[in-house]
Amino acid sequence: QVQLVESGGGLVQAGGSLRLSCAASGGTFSSYGMGWFRQAPGKEREFVASISWSGGSTYFADSVKGRFTISRDNAKNTVYLQMNSLKPEDTAVYLCAASSVYGVGSKLEREYNYWGQGTQVTVSS
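Residues numbered from 1 in each chain as written. Predicted model: local features only at pLDDT ≥ 70, side-chain atom pairs only at ≥ 80, totals over all residues. Heavy atoms only, no water.

(A) Representation of the nonpolar core. Ranked by size, the top nonpolar core spans 35 residues in total, and within it Leu4, Met34, Trp36, Val79, Leu81, Met83 and Tyr94 carry the most contacts. Top contributing element to this core by residue count: strand S9 (residues 92-99), with 5 residues. Contact partners of leucine 4, with chain neighbours within four places excluded, come to Cys22, Ala23, Ala24, Met34, Cys96, Ala97, Ala98, Tyr114, Trp115, Gly116 and Gln117. (Core = buried A, V, L, I, M, F, W, Y, C linked by side-chain atoms within 4.5 Å. Buried < 20%, exposed > 50% of the residue type's maximum accessible area, 1.4 Å probe, protein only. Helix = DSSP H or I, 4+ residues; strand = E, 2+ residues; numbered from the N terminus. Contact = heavy atoms within 4.5 Å.)

Structure representation (structure tokens):
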């Protein structure tokens, strides 16, 4: 059973930065496509970024393109989300997801079969 544990969330002022981490255990991390999603209060979960098993392909939501980067360290079974120039509208619970089927990563929730519990990110204005 794959377990995903996110960390690195917190409270930051607008314009600041945070780096989220997602540590995986119990599976073959180096073969999984990984993604980050977020859910704000009263809103649906939305795609943020994804990365392929090798790290060679990444995708970003338009709302974070140019501000966020995604990376992974397969030796540490960890995926990262570096968030710069944060805005109040980035406030949400950020969830890490793993896909054992789509190694290239995906923008679609249904293509991920493992999820973490999430970490809160709050951006103050």
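(B) Region of the structure containing the state of the cysteines. Tallied over the entire structure, the rule returns 1 disulfide. There is a disulfide in this structure between cysteine 22 and cysteine 96, and the S-S distance comes to 2.0 Å. Judged by the sign of its S-S torsion, about -75 degrees, the bond between cysteine 22 and cysteine 96 is left-handed. With cysteine 22 in strand S3 (residues 18-25) and cysteine 96 in strand S9, the pair connects residues that are 74 residues apart, well separated along the chain. There is no split in this pair, since cysteine 22 and cysteine 96 are both buried. (Disulfide = S-S within 2.5 Å.)

(C) Structural detail: the side chain of glutamate 6. Relative to the helices and strands, glutamate 6 resides in strand S1 (residues 3-7). With no salt bridge to any partner, buried glutamate 6 finds its closest opposite charge in arginine 45, at an N-O distance of 8.7 Å. Among the polar contacts made by the side chain of glutamate 6, one reaches the main-chain amide nitrogen of cysteine 96 at a distance of 2.8 Å. Of note is the side chain of glutamate 6, whose polar atom sits 2.9 Å from the backbone nitrogen of glycine 118. (Lys, Arg positive; Asp, Glu negative; His and termini not counted. Salt bridge = Lys/Arg side-chain N within 4 Å of Asp/Glu carboxyl O. Polar contact = N/O pair within 3.5 Å; in protein donor to acceptor, adjacent residues only side chain to side chain.)

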